[in-house]
Amino acid sequence: MIAASRAILGSPRFTNALTEAIIGVALAAFAVRAMLGWPGSIAVLSGLVVLAALSLAAQPERVEWRGVLPISLIALFSLMTVSLIWSQYTLATVGGVAYALAYGFLGVYIALVRDLIQLVRAVGNALRVILSVSFVLEILSGLIFDTSFLWIGITGDLGVGGPVQGLAGSRNAFAFLGALAVLSFWIEYRTRSVSRGVTAFSLTLAGATIVFAQSPVSLLVLAAVLVVGLALVVIRRQKPIARRATQSVMLVSVLVLGVLSWLFRGPIVGFVGAAADVEARTSVWSEVGDLVAQQPVLGWGWVGIWPTRVFPFSSVDSISGRDAASALNAYADIWLQLGLVGLIMLLASLGLAFMRAWLVATDRRSTVYVWPALTLVLLATVSMTESYLLFEAGLLLFVTSAFAAARNRSWRGRFD
């Protein structure tokens, strides 16, 4: 009986199905929560954690101690846990830490049992289902029944060209899924993982997601991913001896571009039509800044997604007058919750993961190795206007991408 159970839990078919289920639940976490409520969504997440643990136990050969998880990530999750000591809302912190650790563990599981191309395929399959179902619901809401499906966050605006929310709950979150889909579907095409027909349908679906979401934020995010992607294409085609000089030039260019973007941020925001979004965010950032000033070093304590009935989160209002669900900026959010120490750890984790992913992407021949680097760029960029990096799918992708990069570039891999 035990041997049969181990054979099933450790089989490639079960591992693949569980991986796609984990990614699907993470990417559609808002929809799962809307349909099942917090108790139901936590039950689903707990079930996935248990199945992942059993699956991992059934295939111990997958667990390798060398560079299993970046130390910077271990430190970040440890700080989340230790913040229980000074948190002024202990129960909320316990729940937030458990929620983050669950997604972190699932990210580690996926990175251990799936190689990179299998990971990209799993993300692609999950996104095809989520985006397809999203547009079916949007068509039903906006064109056929002409009524809002507010129980799942759909306002029914497809008939007027958008913005649409799909299963993501907001247009910015839906556009983020579209940007991730473009990246993943393109990698699938380049690695010939799916047929041309599937590729054409997938890219059309991703493009429609970005167009109808009408998110100004997505334009800036896609621009950043495109620039990094083109840079990787140039470097990957060069001989190793020329790459160092090219990378130095690109680094200087990025710094100059960053300075210019900051100096001309007003015209850029106006050009992409993000003035209203920026105004809404700056009002939240101002209130968050006041709270940060009261606990600047270690923060107020980790909670992850804001419990809007708990102080100090209950004191932050969006420009619409409703309670804000996050700081609308991952870096400000972690500064609020874990202080300057947490912000430094997050930047260190993100920076080290990107450097490793960049080196792997420039050294390895297969296009699939570009995916972790571009996914980290996508997360880092969108985190300037949303807090996705710290929660659910964003945290899962962060851990998985960092793990994939560390597995090929960790200094601990030199130990035998």
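Report follows, based on the coordinates. It should be emphasised that the depicted structure is a prediction, and the values quoted were computed from it without experimental measurement.

We now examine the packing of aromatic side chains. This structure, assessed with the given rule, holds 10 aromatic pairs. Both rings, one in Trp-38 and one in Tyr-99, keep their centres 5.6 Å apart while their planes meet at 65 degrees; by these two values the pair is edge-to-face. Taken together, the residues span a long stretch of sequence, with Trp-38 in helix H3 (residues 29-58) and Tyr-99 in helix H5 (residues 90-113) at a distance of 61 residues. By relative accessible area, Trp-38 is classed as partly exposed at 38%. Each member of the aromatic cluster is reached from another via a ring pair, and the members are Trp-38, Tyr-99 and Tyr-103. In this structure, Arg-33 packs its charged tip against the face of Trp-38, placed 4.7 Å from the ring centre.

What follows covers the nonpolar core. Core analysis: the biggest nonpolar cluster contains 107 residues, and Ile-23, Leu-27, Trp-371 and Phe-398 have the highest contact counts within it. The leading source of residues in this core is H5, at 12 residues. Leaving out residues up to four positions away in the same chain, Phe-398 has contacts with Leu-73, Leu-76, Leu-346, Ser-349, Leu-350, Leu-376, Leu-379 and Leu-389. Formed by 15 residues, the second largest nonpolar core is a distinct cluster that contains Tyr-89, Val-288, Leu-291 and Val-316.

With that out of the way, let us pick up the packing of helix H9 (residues 216-236) against helix H13 (residues 330-363). Each pair of packed helices can be described by the angle between their axes along with the distance between the axes. At a minimum axis separation of 8 Å, H9 and H13 run at an interaxial angle of 45 degrees. Accordingly, the angle class assigned to the pair H9 and H13 is oblique. Where H9 abuts H13, its residues Val-228, Ala-231, Leu-232, Ile-235 and Arg-236 lie against Trp-358, Ala-361 and Thr-362. Each residue belonging to the contact of H9 with H13 can be placed in one class, and the counts come to 6 nonpolar, 1 polar and 1 charged.

A cluster of basic side chains, namely Arg-190, Arg-192, Arg-196 and Arg-237, defines a positive patch on the protein surface. Positionally, Arg-190 belongs in helix H7 (residues 171-190).

The next thing to look at is helix H2 (residues 12-27). For H2, spanning 16 residues, the distance from its first C-alpha to its last is 22 Å, which sits close to the expected 22 Å at 1.5 Å a residue. Here H2 has its buried residues at Thr-15, Leu-18, Thr-19, Ile-22, Ile-23, Gly-24, Val-25, Ala-26 and Leu-27.

With that settled, the discussion passes to the side chain of Gln-59. Structurally, the position occupied by Gln-59 is in the loop between H3 and helix H4 (71-82). Within the local environment of Gln-59, its side chain forms a polar contact with the side chain of Ser-55, the two groups lying 3.1 Å apart. Aside from chain neighbours lying at most four places away, what touches Gln-59 is Leu-9, Gly-10, Thr-15, Tyr-109 and Val-113.

By the element assignment, Gln-337 lies in helix H13. Among the polar contacts listed, one links the side chain of Gln-337 to the backbone nitrogen of Gly-304, at a separation of 2.9 Å. Dropping the residues within four chain positions of it, Gln-337 is found in contact with Leu-298, Gly-299, Trp-300, Gly-301, Trp-302, Val-303, Gly-304, Trp-306 and Phe-313.

Quick look at the environment of Ala-3 now. Mapped onto the elements of the fold, Ala-3 is located in helix H1 (residues 2-9). On the basis of relative accessible area, Ala-3 is assigned to the exposed category, the value being 60%. Residues Ala-3 and Ala-58 lie 55 residues apart in sequence; the distance between their C-alpha atoms is 9.1 Å.

On to a nonpolar patch on the surface, then. Taken together, the side chains of Ile-139, Leu-143, Ile-144 and Phe-145 make up a nonpolar region of the molecular surface, amounting to roughly 410 Å² of accessible area. Here Ile-144 shows up in helix H6 (residues 116-144).

The tally for this structure, following the rule as stated, stands at 3 salt bridges. Taking the shortest distance from any N to any O, the salt bridge between Glu-188 and Arg-121 comes out at 3.5 Å. Of this pair, Glu-188 sits in helix H7 while Arg-121 is found in helix H6, placing the two residues 67 residues apart along the sequence. Between Glu-188 and Arg-128 there is a salt bridge, with its nearest N and O atoms 2.9 Å apart. With Glu-188 in helix H7 and Arg-128 in helix H6, the pair connects residues that are 60 residues apart, well separated along the chain. Judged by its relative accessible area of 11%, Arg-128 is buried.

Rules behind the numbers
Residues numbered from 1 in each chain as written. Predicted model: local features only at pLDDT ≥ 70, side-chain atom pairs only at ≥ 80, totals over all residues. Heavy atoms only, no water. Phe/Tyr/Trp six-rings, centres within 6.5 Å; stacked < 30°, edge-to-face > 60°. Helix = DSSP H or I, 4+ residues; strand = E, 2+ residues; numbered from the N terminus. Buried < 20%, exposed > 50% of the residue type's maximum accessible area, 1.4 Å probe, protein only. Lys NZ or Arg CZ within 6 Å of the ring centre and 35° of its normal. Core = buried A, V, L, I, M, F, W, Y, C linked by side-chain atoms within 4.5 Å. Contact = heavy atoms within 4.5 Å. Axes fitted to C-alpha atoms, helices over the stretch in contact; angles between N-to-C directions. Parallel < 35°, antiparallel > 145°, perpendicular 65-115°, else oblique. Nonpolar A, V, L, I, M, F, W, Y, C, P; charged D, E, K, R; others polar. Patch = residues over 30% accessible without salt bridge, like charges linked within 9 Å, V, L, I, M, F, W, Y side chains within 5 Å. Areas by Shrake-Rupley, 256 points an atom, 1.4 Å probe, with all protein chains shown as cover. Salt bridge = Lys/Arg side-chain N within 4 Å of Asp/Glu carboxyl O. Lys, Arg positive; Asp, Glu negative; His and termini not counted. Charge placed at Lys NZ, Arg CZ, Asp CG, Glu CD. Expected span 1.5 Å × (residues − 1). Polar contact = N/O pair within 3.5 Å; in protein donor to acceptor, adjacent residues only side chain to side chain.

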